[in-house]
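Fold and contact review
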Amino acid sequence: MRVFKTLVLLFLILVVRGSMVQLKNGGYEDIVIAINPELPEDHNIIRNIQDMVKEASTYLFTATKQRFFFKAVKIIIPLHWLPKPEYLSAKRESYDKADVIVANPSLKYGDDPYTLQYGGCGEKGQYIHFTPNFLLNDSLHNIYGSRAKVFVHEWAHLRWGVFDEYNYDAPFYLSVNSGKETIEATRCSADITGKYIFQSCTGNSCTIRECEYDQQTKLYEAGCTFVPEKTQNATASIMYMQSLPSVVEFCDQSTHNEKATNMQNKMCNYKSTWEVIMNSPDFSNSSPINSASPPFETSFSLLQTKDRVVCLVLDVSGSMDWNNRIKRLSQAAELFLLQIIEMDSWVGIVTFHSIAQITCHLQQIVSVDVRQNLTKYLPTTPDGGTNICEGVLKGFEVIKQKYSNLDGSEIVLLTDGEDRGMSSCLTEVKNSGSIIHTIALGPSAAPELEQFSDMTGGLKLYATDIVDSNGLTDAFSGISSRSGNIFGQSIQLESTAQSVTVNQRMHGTVTVDSTVGKDTFFVVTWDRSTSPPDILLWDPKEKEYRTSSFTVSNINLRTARLNIAGTAEVGNWLYMIQNNHTESQVISMIVTSRPASLTDPPVIVKAHMNKDTSAFPNPMVIYAEVSQGFSPVLGATVMATVEQETGSAVELRLLDDGSGADITKNDGIYSKYFTSFKGNSRYNLKLRVQGRNQTVRLSHRRSRALYVPGYIENGEIKMNAPRPEPSDEEIQPKLGSFNRVATGGSFVVKNVPSGGITDVFPPCKITDLEAQFEEDKIHLSWTAPGNDLDEGQADRYIIKMSESFLVLRNTFEDATSVNTSSLVPKPASTKESFQFKPENVTIENGTIIYFAICAVDNASLTSEVSNIVQAALFVPLKESLPDTLPTEFITNSVPTQGSVPVTLPTEVITNSVPKQEFLLDMLPNHVINDGVNVSIIVIGSVIAVIVILTAINTAIYILYKKNRKGSFELRMS
């Protein structure tokens, strides 16, 4: 067993969770890029992927100071593309584990490349998404830059967990340099130059002007964009605008802009991207390469998927007789065969105890009859010991009877027992090319079982002996195809169970939404009576289904199933089940369905833990990704249930509010810390998700390449087409309400103290602090942390303020304290609001004060320092000006505003807008942008205008008297 653990450890060192990428001597190998099976065959996609990665390898090598490059890449070709001699068989590579996916966007807009990121700074992302149009349309180069540069930008998100250095939500911030206030674009480095432009378009006609000042935000108006000079001296940063020719580096300590209001600063405590990269395991396990270019050119392997091949390897040892395990196994496996596994898949069945035997050779599921026939081979009688390797090797034998190799095949291995001989087949399993999904049943299943999954990239699932949890059914329901074809997959709408006393009823509602409804099953199970309970089911049109409508399984006499013909009615299905047995029994309702159409993607839920194994006191994080296609679904209610081998289950509500464990608000990733560790054991995660039609909507993905609005070349502003935005109809889809249930697999916790747990978890870091002036007071707002991270209620707050950003960042304790004696913390995830008048601070125009906050719990444990925010009192002064414009102003004697022609608004001509407001708005903002004090410009300009107007009014009057004729051309040239 010691040898087994050592070999597994050595193997796992090379494997990134959810990825097969390996780093060897600076070269990244086994990068998987998968093409979505929905895409039509187009070999230009493959060719452009290869060109992109080859060029990106050189760019990455330079950007990382000769340390990293792309050595070997695997491209997965969809099954329906015509086979070619150069296509190899995919082994453990699959679409759902790919590092990069190529797929259409879900909404009808945009080709923004993005990386799906769940975790915080330094944590790896899930995958990079490129659209086919991005890979095929060369006109997008002017918007995003070369594909190679974009790939490096996204690779940094994926591999090193850095974040974007721009911010669509906060594109500007106020900065003080040498005592002067300037409005700056959120960027890194701050040396990147450009102009602030507002573009408005009607149809195909667009006009541009320089941006105006917004009195409310103290910054530029909404819609203002920073347009960079095409030619720059700045070499950083790739995480801001990799499209600029001069940008070849990540921002480091010398070039980083710590004042920019971007995600990199917020998530990484104001560290530069290069500092984060240097702290990564990749950097620690590599060294610079003495070469001007990568030592190897990128190599590519083309792999094609094949039909799904699954062998169930089921434990029938004597211990499976305990707690009715063999019956529950039969019920769950029957559901898998009849409802879960996809059409056209191949399935075989093996049972094992001390020895193993083939009970069913591979059969292809081409009809309902085949599904029914497969269920006849499920086990019903337990006996003997436990020999896991015998079962696995016999499963391999089943597959090899049809296929020459095991590449890409799947084993579903279920066991409830220990086996000290597992090491005997370790090498064969590792080299097989097969994927092993493991289901551990009960508290005595071999602790080494999950290593089979770790080595082969399979799922790790766990079910307790608690019969009213549906754990075993949920485990089998979670083993779906890895091909990326969501339109053929079964989706679990409901899975609930409860103990029902004699003559009492279990009732509930299941919502069938418009994205599902095909091949819908309602399954009722019970655990004691040989006859079914009384079942009543009503569809949304009040059509009634009774017990007689259900079919009782011939294999499992305690299972009744109803298959809804055609497409199930959209809406709420109500059920009521009465226990007519002579004693209490556990009754369950399971509902599955498939997508209603091949064009409208269903709402899907993916459950994740941030890691598979944790050592106390490190907290775990639960994630739920709720999406329709690739679009995040917002406004859902997400409940997580964590079961353990002993003790009661823990239920938590996951949130998408950008606080606590949730890094980004409204991105469809719902999160929560889990700290309720009850012992050293396996834990199982299950999610229940509900959406209600008044709250559900779609959103953008974050962590994406910047859509560059345009460039300035040789003094001329050249704007790109405006970024396409989704319509209200697209982001408010007609999903109605929906229900989903998903399993998140199992995880293991170690080193939990046996004598009870003391308070070791401080409040979580506050990451959404905001501040603003309200007259002479400061208003702060944030989301309340908890007593233990994001659970419970903190004891008190510590708020600090300073006129120096660096003081708060570097020496928080030395900053000025704010009196918080009247501030009582609210429960976690509640919005906090606090207003006060700063003491010993002179509040005047141009005042900027920075704030940060910590939370303290009742054990005096203190959170990390929050994000640092500024409150700025910054209002241009206005003096009274003449109500009429001088003739010289109207007849072109006013200088041009940059290189952009500006037409006087009708409101100004007709005097419906005061001339002084217009003149202030017409001030040359590029002067402001270069760092001149805004207040001085405003006051000086106003005085100059008054003096000039006074001097020329007489001349205007004389000229006007001499020549009443002639029309005035209302424009500025």
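In what follows, the accompanying structure is described. (Residues numbered from 1 in each chain as written. Predicted model: local features only at pLDDT ≥ 70, side-chain atom pairs only at ≥ 80, totals over all residues. Heavy atoms only, no water.)

Within the protein one finds 22 helices and 49 strands. Within the span of the protein, comprising 973 residues, buried residues form 55% of the whole. Summing over all exposed atoms, the protein offers an accessible surface of approximately 40400 Å²; the carbon and sulfur share of this is 49%. (Helix = DSSP H or I, 4+ residues; strand = E, 2+ residues; numbered from the N terminus. Buried < 20%, exposed > 50% of the residue type's maximum accessible area, 1.4 Å probe, protein only. Areas by Shrake-Rupley, 256 points an atom, 1.4 Å probe, with all protein chains shown as cover.)

Viewed as axis vectors pointing N to C, helix 10 (residues 325–340) and helix 11 (residues 368–375) meet at an angle of 170°, and their least axial separation amounts to 9 Å. Judged on the interaxial angle alone, helix 11 and helix 10 are roughly antiparallel. Contacts from E334, L337, L338 and Q339 of helix 10 reach helix 11 at R371, Q372, L374 and T375. Of the residues assigned to the contact of helix 10 with helix 11, the class counts are three nonpolar, three polar and two charged. (Axes fitted to C-alpha atoms, helices over the stretch in contact; angles between N-to-C directions. Parallel < 35°, antiparallel > 145°, perpendicular 65-115°, else oblique. Contact = heavy atoms within 4.5 Å. Nonpolar A, V, L, I, M, F, W, Y, C, P; charged D, E, K, R; others polar.)

For the rest of this paragraph, the subject is the side chain of Q304. Residue placement: Q304 occurs in strand 15 (residues 299–304). Q304 has contacts with I77, P78, L79, W81, L82, P83, Y87, L88, S89 and A90, leaving out every residue within four places of it along the chain.

Turning our eyes to something else, we now look at the side chain of D111. Its location among the elements puts D111 in the loop between strand 7 (100–102) and strand 8 (114–116). One buried charged side chain, D111, makes no salt bridge at all; its nearest oppositely charged neighbour is R723, positioned 9.7 Å away. A polar side-chain atom of D111 sits 2.6 Å from a polar atom in the side chain of T131. Among the polar contacts made by the side chain of D111, one reaches the side chain of N133 at a distance of 2.9 Å. (Lys, Arg positive; Asp, Glu negative; His and termini not counted. Salt bridge = Lys/Arg side-chain N within 4 Å of Asp/Glu carboxyl O. Polar contact = N/O pair within 3.5 Å; in protein donor to acceptor, adjacent residues only side chain to side chain.)

Right, let's get into helix 12 (residues 388–400). Counting along an α-helix, one turn takes 3.6 residues, and residues three or four places apart therefore face a common direction. In this model, helix 12 (13 residues) spans 19 Å end to end at C-alpha, consistent with the 18 Å of a helix rising 1.5 Å per residue. Of the residues making up helix 12, those classed as buried are I388, C389, G391, V392, G395, F396, V398 and I399. (Expected span 1.5 Å × (residues − 1).)

Time to look at the sheet that holds strand 2 (residues 27–29). Spatially, the three strands line up as an open sheet ordered 1-2-4, and their pairing is mixed. Sheet topology places strand 1 (22–24) and strand 4 (69–70) at the edges, where each strand pairs with a single neighbour. Sheet topology note: the strand 2/strand 4 ladder contains two bridges and is parallel. Within strand 4, the position partnered with Y28 by the bridge is F70. (Pairing = 2+ DSSP bridges.)

Attention shifts here to the nonpolar core. Ranked by size, the top nonpolar core spans 86 residues in total, and within it Y28, F70, F130, F151, W155, W160 and F250 carry the most contacts. It is helix 2 (residues 43–63) that contributes the most residues to this core, nine residues altogether. Among the nonpolar cores identified, the runner-up in size contains 36 residues, and A607, Y683, V752 and F761 belong to it. (Core = buried A, V, L, I, M, F, W, Y, C linked by side-chain atoms within 4.5 Å.)

Bridge count between strand 12 (residues 194–202) and strand 13 (residues 205–210): six bridges; the pairing is antiparallel. Bridge pairing in strand 13 places I197 opposite E210. In this antiparallel pair of consecutive strands, strand 12 and strand 13, the connection spans two residues, and G203 shows a positive phi of 65°.

Moving on, we get to the state of the cysteines. In this structure the tally under the stated criterion is five disulfides. Each disulfide pairs two cysteine sulfurs, and for C121 the partner residue is C268, the sulfurs being separated by 2.1 Å. Negative torsions about the S-S bond denote left-handed disulfides, and the value of about 105° found for C121 with C268 makes this one right-handed. Of the two residues, C121 is situated in the loop between strand 8 and strand 9 (127–130) and C268 in the loop between helix 7 (263–267) and helix 8 (273–278); the sequence distance between them amounts to 147 residues. Across the disulfide from C201 sits C206; the S-S distance is 1.9 Å. Handedness here is read from the sign of the S-S torsion; for C201 and C206, about 110°, the answer is right-handed. Using a relative accessible area of 37% as the deciding quantity, one classes C206 as partly exposed. In the protein, the cysteines engaged in disulfides, taken in order along the sequence, are linked 1-8, 2-7, 3-4, 5-6, 9-10. No disulfide involves C311; its sulfur sits 8.8 Å from that of C360, the nearest cysteine. (Disulfide = S-S within 2.5 Å.)

Tallied over the entire structure, the rule returns 32 salt bridges. Put simply, K831 and D768 hold a salt bridge, and the shortest N to O gap is 3.6 Å. One end of the pair, K831, is in strand 47 (residues 831–836); the other, D768, is in the loop between strand 42 (738–750) and strand 43 (770–774), with 63 residues separating them in the sequence. Bridged by salt links that share partners, the residues R325, R328, D416 and D465 form one connected network.

Here we come to the sheet that holds strand 23 (residues 505–512). Read from one edge to the other, the open sheet built from four strands follows the order 23-29-25-26, with strand pairing classed as antiparallel. What marks the edges here is a single partner per strand, and that holds for strand 23 and strand 26 (544–546). For this sheet the average axis-to-axis angle between neighbouring strands, irrespective of direction, equals 15°. Pairing between strand 23 and strand 29 (residues 571–578): eight bridges, direction antiparallel. Bridge pairing in strand 29 places H507 opposite M576.

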